[in-house]
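Notes for the structure review
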Number of protein chains: 2
Amino acid sequence: MTEQTVSVELGERRYTIRIAANVLGEPRALADFVNGPDALIVSNEVVAPLYADRLRESLPGVRHELVILPDGEQTKSLTTIATVLDHLVAMNANRDTTVIALGGGVVGDISGFAASVYQRGVSFIQVPTTLLAQVDSSVGGKTGVNHPAGKNLIGAFHQPAHVLIDTGTLTTLPAREYSAGIAEIIKYAVLGDRRFLAWLENNITALREQDPTVVAEAIRHCCTMKAEIVAGDERERGRRALLNLGHTFGHAIETVAGYGEWLHGEAVAAGMVMAAIASDLPDRDIERLRSLLASAGLPVAPPPLGGDVLWRAMQLDKKVKDGKLRLILLRELGDAYVTADCNNAALQAALALADG
Amino acid sequence: MTEQTVSVELGERRYTIRIAANVLGEPRALADFVNGPDALIVSNEVVAPLYADRLRESLPGVRHELVILPDGEQTKSLTTIATVLDHLVAMNANRDTTVIALGGGVVGDISGFAASVYQRGVSFIQVPTTLLAQVDSSVGGKTGVNHPAGKNLIGAFHQPAHVLIDTGTLTTLPAREYSAGIAEIIKYAVLGDRRFLAWLENNITALREQDPTVVAEAIRHCCTMKAEIVAGDERERGRRALLNLGHTFGHAIETVAGYGEWLHGEAVAAGMVMAAIASDLPDRDIERLRSLLASAGLPVAPPPLGGDVLWRAMQLDKKVKDGKLRLILLRELGDAYVTADCNNAALQAALALADG
């Protein structure tokens, strides 16, 4: 399997995504992207014992420290940001210090947000170790933490200086988390690429079984799509919103169920089914989506939290504009759009799934 | 006295600064700069009782709420940011909500930082009511809070959508705070404008006595200088650093003395004297600077906190690069520059002022 590089073209904030197997530990794999004399590695209690030593080997000549956070979505809070900032202060970090995120989406979101506010912004590098982070959250510069009232309500746009995706780290990922990552891969297909959807349907078993060629191709395809969308709409004033397909329903599930009960990818999977129903797609398309999600080991309906309760939680979504919630809906599988006008009967049918 | 407008030319983030007496309360003075349906006014316990009602009159047709913070530099913490964010969540604020800062530099820094991280960035408007905020902190987009280890260590660049300077609010400002604002005015002259320095020496009594024409002209001159510098170097990669003249020494004084013991402007005044001494300026120039500061009712030396202690606090300054502290020094009064190479004997003489 060869290695691949994808560029995110953002002018002076341009950066590269390198996708390769077992590249962590290679001397200079990270050091070349560290500008100053020192770095803070941010990881968690699960990932650090597995990969922190290898990451250090990729930092020859760079003075570094390691902060280990608890695992899980509950960690994504302002309190944790304060912890990371305290570490930066304790190591006398300055504007030329680099923050390196080693872990999944939670570690990446926390590290990036802390890097964006320390001294009004220092450099950071993403080393995503979960499938979800590798195909989605490590690219594009969205960082942030949760508020008890809503997911990612507090954050910043802060692009990484580099993303190093070592697909070898997926071998230690629990199956449930691996499946949650596939949900985001399916999302890319459903929002805008019918050919990729067909490819996924043909390769879903190989993907679940971590066939190296299929995994690398899926990651490359998603990173390329995301890079292209982000380069055209960094601040999500238009097309980037499509990447939130399934997320408005999904975030509400996560918020109401309690952070960490449902994995983000699982909530997005159920959210995509709800979005398809709210889009009034034909039954056979909804079944096609459900079938693909189920093949990936993902849920195809929300938990019985109550449709009304979910609807209320959705009102705090960042996509509300002029008092109207904008949803990402589907014209068909592979073609998403943003709208504030939703067929109410279809929306009620989607929410009814949560009535149990 | 006529009203004045200064533009900050930052492309799509361009905004105007309006300087006028008793303009607060004028219908639409603020409403025209609010894009969405609602706003959160952030103020403090001293300013809100004086001006919040008048500000509300400038927001016809805009749904708004008010959050009142404690007064003082101690309020500038991550904890207060969480408080403001909780208010935004409680009012169901969305991406089109506007945050309005009514108060001095502390209120502006907190409001701007909260606005920059709420839903990854909402609009905000500055209504500065102290002289210091009117001539300096409300313009340019630096926002943030303090860490126990250092001033403004946590923050973001987030430009306001508009700055409304009502010089009428200065009539209720305590004399000590008014003098602290003059320190920043003197800073502009000393860092880069010898003619303005001479003008200030001629008008310092009228300025202290709040002659309306002199006050308006001083504010306009400082805002124009700042707008020009910020437009050319928004992220402080070069010339903008000159605006920190006296601030590296000053921040150390504030941090070591305990936030709030010394007003920011007072610390900057003493810091400018230290910078002049560290620059090895002739005695007559140092006396000239001291004389102007004293005429404004400002301190001309740091408190006896210990030169070594101040030096240690300065090492966490944001201007450290490659392990070397960069200082803003003076070639002469009216001509500042950034350097990492400081005459050590002169620096020791400056720090010795703090040995008491």
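Everything here concerns the structure above.
A short tour of the structure in this document, coming up. Being a predicted model, the structure only gives us computed values, none of them experimental.

**Points about the interface of chain A and chain B**
At the junction of the two partners, chain A supplies 37 residues and chain B supplies 37 residues. Run the count over chain A and chain B and you get 2 salt bridges. Ionic pairing is found between E236(B) and R95(A), a salt bridge with its closest N-O pair at 3.7 Å. Our count for the chain A to chain B interface comes out at 8 residue pairs in polar contact (both at pLDDT 80 or more). Put simply, the parts of the chain that give the side of chain A that touches chain B at least two residues each are helix 2 (78-90), helix 3 (105-117), strand 7 (142-147), strand 8 (150-157) and strand 10 (320-321) of chain A. A per-element tally of the side of chain A that touches chain B places strand 8 of chain A first, with 6 residues. Here the side of chain A that touches chain B is built from residues that sort into 15 nonpolar, 10 polar and 12 charged.

**Thoughts on unusual backbone geometry**
Residue and element names in this part refer to chain A. Within the chain, N92 stands out as a residue other than glycine whose phi angle is a positive 60°. Within the fold, N92 resides in the loop between helix 2 and strand 5 (98-103). Judged by its relative accessible area of 39%, N92 is partly exposed.

**Quick notes on a positive patch on the surface**
The grouping of R235(A), R237(A), R235(B) and R237(B) at the surface amounts to a positive patch. Relative to the assigned elements, R237(A) resides in the loop between helix 7 (212-232) and helix 8 (247-257).

**Points about the environment of L69(B)**
All names here are of chain B. By the secondary structure assignment, L69 is in strand 4 (residues 63-69). Judged by relative accessible area, L69 falls into the buried class, the value being 5%. Once the C-alpha coordinates of L69 and I110 are considered, the two residues, 41 residues apart in sequence, prove to be 9.9 Å apart. Among residues more than four places away in sequence, those in contact with L69 are V42, S43, N44, E45, T75, T80, V84 and I110.

**Some words on helix 10 (residues 283-295) of chain B**
Residues and elements named next belong to chain B. Counted at 1.5 Å a residue, the expected span for helix 10 with its 13 residues is 18 Å, and the 18 Å between its end C-alpha atoms agrees. Among the residues making up helix 10, those that are buried are D285, I286, L289, L292 and L293. Viewed end-on, helix 10 has its buried residues packed into an arc of 130°, placing them on one side of the element. In this structure, helix 10 carries D283 and R284 as exposed residues pointing more than 90 degrees from its buried face. The secondary structure elements touched by the buried residues of helix 10 are helix 5 (175-192), helix 6 (194-208) and helix 9 (264-278). Trailing helix 10 by a residue or two, G297 shows a phi angle of about 80°, which is positive.

Parameters and conventions
Residues numbered from 1 in each chain as written. Chains lettered and ligands numbered in written order. Predicted model: local features only at pLDDT ≥ 70, side-chain atom pairs only at ≥ 80, totals over all residues. Heavy atoms only, no water. Contact = heavy atoms within 4.5 Å. Salt bridge = Lys/Arg side-chain N within 4 Å of Asp/Glu carboxyl O. Polar contact = N/O pair within 3.5 Å; in protein donor to acceptor, adjacent residues only side chain to side chain. Helix = DSSP H or I, 4+ residues; strand = E, 2+ residues; numbered from the N terminus. Nonpolar A, V, L, I, M, F, W, Y, C, P; charged D, E, K, R; others polar. Buried < 20%, exposed > 50% of the residue type's maximum accessible area, 1.4 Å probe, protein only. Patch = residues over 30% accessible without salt bridge, like charges linked within 9 Å, V, L, I, M, F, W, Y side chains within 5 Å. Areas by Shrake-Rupley, 256 points an atom, 1.4 Å probe, with all protein chains shown as cover. Lys, Arg positive; Asp, Glu negative; His and termini not counted. Charge placed at Lys NZ, Arg CZ, Asp CG, Glu CD. Expected span 1.5 Å × (residues − 1). Arc of directions from axis to C-beta.

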